[in-house]
Structure formats: structure tokens, C-alpha cells
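Architecture and fold: a report
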Amino acid sequence: MKIAVCIKQVVTRDWPLRIDESAGWVRDGDASFEMNEPDAYALEEGLRLKERHGGEVVVCSAGPARVAQVIREALARGADRAIHVVSEDLATADAGVVAEALATALRDESFDLVLTGLQSDDQGFGETGVILADRLGLPHATIIMEIAADGDGEGRIRVKRELEGGWFQWLSMPTPALLTIQSGINQLRYATLRGIMAAKRKEVRTVPFASPPPSAWNIVALRVPVKDKQTRFVDGPPEAAAAELVRLLRDEARAL
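Heads up: these notes are all about the structure in this document.

Here we take up the state of the cysteines. A complete count under the given rule lists zero disulfides for this structure. Here cysteine 6 stays free of any disulfide, with the sulfur of cysteine 60 as its closest cysteine sulfur at 5.3 Å. By relative accessible area, which is 4% here, cysteine 6 ends up buried. Overall, the relative accessible area of 0% leaves cysteine 60 in the buried class.

Here it is, written out as C-alpha cells:
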């Protein structure tokens, strides 16, 4: 089974975010970066599928030169090789532009499965995987919690989707296909010293992306949430105070 896993580099979650001078993005020149957590679960699932069915896992990432950090981490965890779509513009690009960049790299190869994380830790729109499926002309399923081979024959898989209200849905679908993976689908592995050393010898193919398509949207401005608090005293007889407290929680605080 030939599996592509799309990964993204994001600012670490504990980094103190500050808005840059343009107010259009965060100041990340001196930031610390890590692999997007949902993508890490997609990578782990790809590695487990390879262990069960054989084949290879190819990681693909789109972004500036610094993205090599998470690519090497993915290779150290067990991926066989990598594709890096290089462009400084992709650092803040929208989902449509990123999906087109990834599709540019993936179209040349015939993958049985393309896996992405459900969403990114920075923008969190959950769009890139779905748009990428459209660009590649692949059937897709989202919010995947389990992947299994379909007993009806080769070329099909069964996937378990997470729905609302604690419900799940099993689907049978043909391959090649694209799946967006939910966090928590598995237990993440970490790179060993042996894996880190082996990653240095693995292939990383770079693909230029000089002419990105126009963005579908523009960030007008970012603002830091205003922190404020207000104390409200509820007085009166116990029954009246309790009724007023419930009303405030329901109608104003909207906590009920």
C-alpha cells in the first residue's frame, strides 16, 4: 500500500503569540515550531497501515525552508521518503492555495491513500484535506477514527467516521481515496535515536511552487481577545435569588 501523509508545521502551542506589524499574522520570526498534532496522528495511522499491509509512507509538506524540521521528524518516526513543496508564500496561505501546492507534488505519483490531519492547530478550518481531494479527483471521507481493509475485495477500505452526539458511521469506499484523520485515533510513537540517524539518509524531494493561485480570502486584521471581568451580586430571599441566578446564567452568561 502506497500512502501519502500531508503534514504541516505550526507554531508550538505554548509559544506566546504576538501579532506582527501588519496585523495580518503572528510574529513568528523567533517562534518555536512543531508538527501539527492532527497530522501527527495521520502519520502514525499511515505507519500502522504500512506495518499491516506493507508498502511505503511518503510525507508531503508545503511551506518555506524551515518546514524541513517537521519533515525530518516524520522521517525519523518511520516515513520512507518525503516531498517538500517550497515557497515562502505558503507560510500564511489559505487552504485552497496549500491544497493546490500539495496536489502539485502528489499528482505525479499513484497513491492508494492520502491522509491528512482533520484540521490545523493554527487556522483550524478543516478545509485543506477536502479541497485536496477535489484537486486530485479522489473520493474522500472526514473525521476518521478507524481504517480497516474491506473484506468484499481488494481496492476497497472500511472507515469509521465520528459524528455528532456520540454517534459513529462505518463506510465502505474505493481506493485510491483521501481521508482526514481525527486526533486520538491511535497512540503516537516518537522518534528513536536509530530513526533520527536513518532519517539523514532518506530522500527529500523538493518541488518549487513559484506561481501560487490567487487566495480565496484575505486576513483583514488579527486582534488579541480583550480580557475583562464583571462581578454581579445577586441579593434577596433565597428563592428569588436562585431564580435570578439561573436567569443570569441562562440568558446573559449563556452557561446553561
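Looking now at the pairing of strand S5 (residues 81-86). Within a regular strand, side chains alternate between the sheet's two faces. A large share of S5 lies buried, amounting to five of its six residues. Both strand S4 (residues 56-63) and S5 contribute to a ladder of six bridges, which runs parallel. By the bridge assignment, glycine 63 is partnered in S5 with valine 86. Since S4 and S5 lie parallel, the crossover through helix H2 (residues 68-77) that links them has a hand, and here it is right-handed.

A few words now on helix H1 (residues 37-53). Here H1 is 17 residues long and its end C-alpha atoms lie 25 Å apart, about the 24 Å a rise of 1.5 Å per residue gives. Positive backbone phi, approximately 80°, marks glycine 54, located one or two places after H1.

Our next topic: the packing of helix H3 (residues 95-106) against helix H4 (residues 128-136). Packed helix pairs are characterised by how far apart their axes lie and by the angle those axes make with each other. For the pair H3 and H4, the least separation of the axes is 8 Å and the interaxial angle reads 45°. Here H3 is positioned oblique relative to H4, judged by the angle of their axes. Read as a crossing pair, H3 and H4 show a hand that is right-handed. Residues Ala95, Gly96, Val98, Ala99, Glu100, Leu102, Ala103 and Leu106 of H3 form the contact with H4, whose participating residues are Thr128, Ile131, Leu132, Arg135 and Leu136.

Each value, and the rule that gives it
- Residues numbered from 1 in each chain as written.
- Predicted model: local features only at pLDDT ≥ 70, side-chain atom pairs only at ≥ 80, totals over all residues.
- Heavy atoms only, no water.
- Disulfide = S-S within 2.5 Å.
- Buried < 20%, exposed > 50% of the residue type's maximum accessible area, 1.4 Å probe, protein only.
- Helix = DSSP H or I, 4+ residues; strand = E, 2+ residues; numbered from the N terminus.
- Pairing = 2+ DSSP bridges.
- Right-handed = clockwise from strand over helix to strand, strands pointing away.
- Expected span 1.5 Å × (residues − 1).
- Axes fitted to C-alpha atoms, helices over the stretch in contact; angles between N-to-C directions.
- Parallel < 35°, antiparallel > 145°, perpendicular 65-115°, else oblique.
- Left-handed = near helix turned anticlockwise from the far one by under 90°.
- Contact = heavy atoms within 4.5 Å.

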